[in-house]
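Inside the fold
One letter stands for each residue in the lines below.
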Amino acid sequence: MSTEIDFDTEEPLITTVRPLTNSTITVRVIKSFPYRNVKNIVFTDYDIKNKTAKDFRLWYF
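A short tour of the structure in this document, coming up. Just so we're clear, the structure is a prediction, and the values are computed from it rather than from any experiment.

Topic: a nonpolar patch on the surface
On the surface, a cluster of nonpolar side chains totalling about 310 Å² of accessible area is made up of Ile-30, Phe-33 and Val-38. Relative to the helices and strands, Val-38 is located in strand 2 (residues 37-46).

Examining the side chain of Ser-32
Looking at the secondary structure, you find Ser-32 in strand 1 (residues 23-32). For Ser-32, a relative accessible area of 16% puts it in the buried group. A polar atom in the side chain of Ser-32 sits 3.4 Å from the backbone nitrogen of Tyr-35.

Calculation rules
- Residues numbered from 1 in each chain as written.
- Predicted model: local features only at pLDDT ≥ 70, side-chain atom pairs only at ≥ 80, totals over all residues.
- Heavy atoms only, no water.
- Patch = residues over 30% accessible without salt bridge, like charges linked within 9 Å, V, L, I, M, F, W, Y side chains within 5 Å.
- Areas by Shrake-Rupley, 256 points an atom, 1.4 Å probe, with all protein chains shown as cover.
- Salt bridge = Lys/Arg side-chain N within 4 Å of Asp/Glu carboxyl O.
- Helix = DSSP H or I, 4+ residues; strand = E, 2+ residues; numbered from the N terminus.
- Buried < 20%, exposed > 50% of the residue type's maximum accessible area, 1.4 Å probe, protein only.
- Polar contact = N/O pair within 3.5 Å; in protein donor to acceptor, adjacent residues only side chain to side chain.

Function cannot be inferred from these measures alone, as they are strictly geometric.
Next up, the structure:
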């Protein structure tokens, strides 16, 4: 069994390319546990360097 690398090790990660002031946050909202209904909410261009989790909650709700 060989372990072949399927990606380029020289390619930079997206976390090192994009600044923290321009982040994308994905929130998974579970609508129903028995039926496993999930809704993904994507927030783009969010500044996580200067804002806290409390600011995010106030911004969304």
